[in-house]
Amino acid sequence: MTQTVRKAVLPVAGLGTRVLPGAKTTPKNMLNVVDRPILSYVVEEARAAGIEHFVFIVGRGQGAIEDYFDSSPEIESILEAKGRVEILADVRRDLPKPGGMSFVRQMAPLGLGHAVWCARDIIGDEPFAVMLPDMLMAAPTPCLAQAVAAHGQVGGNIIVVEPCPAGEAHKYGIVALDGQDGRLNRMTGMVEKPAPGTEPSNLFISGRYILQPEIFELLERQGKGAGGEIQLTDSMAELMKVQAFHALEYEGTTYDCGDKIGLLRANVAFALARPDLADAARAAITALL
Ligand code: UTP
């Protein structure tokens with residue numbers, strides 16, 4: 001029997017240079033897609049996968065994230081007095097259960113591997129999810145739930161992947177597979193930003209992982225890798241020598257909200273997918289075109 005995945009680590013302490021200057025005063029994952037911050041969608045996705053405890057790895061100046069996931073007595077009492085029940089429900093939708101969120105400071109953005117390592121004491125000795133919140137996944141079955149189901153099937157470590165556009169593999173972390181049969185395949189390796197033409201597959205690591213707690217011992221010793229940062233990929237490659245890793249090609253569409261055009265695409269797609277907004281959104285977009 002595999003152990004249940006109850007906790008998720010959400011590293012949000014990066015600088016967000018690709019969406020500056022907006023990310024200067026608003027943490028990038030607090031930028032809106034339609035009418036909610038990006039993080040609201042990611043937390044919703046995690047809850048649908050059974051996650052009970054969220055560990056945010058934050059940096060300086062990101063207090064807005066903690067405030068967003070807290071009650072807002074002034075706004076709520078005004079909405080209550082005015083009988084604006086629908087908006088009130090929206091305002092309260094993302095509130096955690098008491099004790100269901102932790103915020104850990106990563107004192108310097110030393111890399112994703114370092115950010116995940118900062119969660120070690122809260123995660124303890126159980127498998128956990130890592131979600132890169134700037135990747136927004138629209139899927140009939142929420143992406144992390146697909147990963148948790150795969151973990152229930154094969155155990156070990158799961159990395160969510162998807163096909164990258166032709167000729168773009170050199171921009172991503174790419175997985176190597178031990179044969180390809182269906183969507184869930186045993187991995188043999190991974191490579192960060194392979195030189196063009198050397199990529200072992202066309203599947204890139206897209207921002208959702210289920211990892212075993214042994215990763216923390218490796219992160220503890222992990223030296224700097226690509227870009228001078230402590231890379232999660234390097235410790236995962238080490239762990240793969242002793243534990244099974246499977247790549248899950250999930251069913252759905254990814255929007256990279258850490259990038260200007262990706263954020264624009266997400267706004268358009270999520271507005272068009274909203275029954276209450278679709279017609280007006282389509283009319284507005286058509287008029288602009
Ligand atoms: P990215 O490299 O996509 O995010 O890291 P970034 O550094 O914020 O963005 P750019 O490249 O400067 O535009 C993936 C995720 O890991 C987090 C980021 O916040 C993002 O959610 N991260 C990265 C950390 O929490 N700490 C780090 O040291 C590095």
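The structure this text deals with has already been given above.
Residues numbered from 1 in each chain as written. Predicted model: local features only at pLDDT ≥ 70, side-chain atom pairs only at ≥ 80, totals over all residues. Heavy atoms only, no water.

A. How the structure looks around the overall build of the protein. A tally of helices and strands in the protein yields 12 helices and 13 strands. The C-alpha extent of the protein, read off along each of the three principal axes, is 60 × 45 × 40 Å. Put simply, of all contacts in the protein between residues at least 6 apart along the chain, 76% involve residues at least 24 apart. Accessible surface computed for the protein: about 14,400 Å², of which carbon and sulfur atoms make up 53%. Between the mean site of the 27 positive side-chain charges and the mean site of the 35 negative ones, the protein shows a separation of 4 Å. (Helix = DSSP H or I, 4+ residues; strand = E, 2+ residues; numbered from the N terminus. Contact = heavy atoms within 4.5 Å. Areas by Shrake-Rupley, 256 points an atom, 1.4 Å probe, with all protein chains shown as cover. Lys, Arg positive; Asp, Glu negative; His and termini not counted. Charge placed at Lys NZ, Arg CZ, Asp CG, Glu CD.)

B. Focus on the packing of aromatic side chains. Inspection of the entire model under this criterion finds 7 aromatic pairs. A centroid spacing of 5.1 Å and a plane angle of 90° characterise the contact between Tyr68 and Phe69, whose relative ring orientation is edge-to-face. When its relative accessible area of 25% is taken as the criterion, Tyr68 is described as partly exposed. Through pairs of rings, three or more aromatic residues link up here, namely Phe56, Tyr68, Phe69 and Phe103. Taking NZ or CZ as reference, Arg120 lies 3.8 Å from the ring centre of Trp117, over its face. (Phe/Tyr/Trp six-rings, centres within 6.5 Å; stacked < 30°, edge-to-face > 60°. Buried < 20%, exposed > 50% of the residue type's maximum accessible area, 1.4 Å probe, protein only. Lys NZ or Arg CZ within 6 Å of the ring centre and 35° of its normal.)

C. Geometry of the site of the ligand. The environment of the ligand is made up of 17 residues, and the closest members are Ala13, Gly14, Thr17, Gln106 and Gly111. Pro11 has a polar backbone atom sitting 2.8 Å from an oxygen atom of the ligand. Interatomic distance of 2.8 Å between a backbone N/O atom of Ala13 and an oxygen atom of the ligand. Here the ligand loses 83% of its free accessible area of 570 Å² to cover by the protein chains. (Near = heavy atom within 4 Å. Polar contact = N/O pair within 3.5 Å; in protein donor to acceptor, adjacent residues only side chain to side chain.)

D. How the structure looks around the packing of helix α11 (residues 260-272) against helix α12 (residues 278-288). Following both chains from N to C, one finds α11 and α12 inclined at 135°, their axes separated by 8 Å at the closest point. It follows that α11 is oblique to α12 by the angle criterion. In this structure, α11 uses Val268, Ala271 and Leu272 to contact α12, whose residues at the interface are Ala278, Ala281, Arg282 and Ile285. Here the contact of α11 with α12 is composed, by residue class, of 6 nonpolar, no polar and 1 charged. (Axes fitted to C-alpha atoms, helices over the stretch in contact; angles between N-to-C directions. Parallel < 35°, antiparallel > 145°, perpendicular 65-115°, else oblique. Nonpolar A, V, L, I, M, F, W, Y, C, P; charged D, E, K, R; others polar.)

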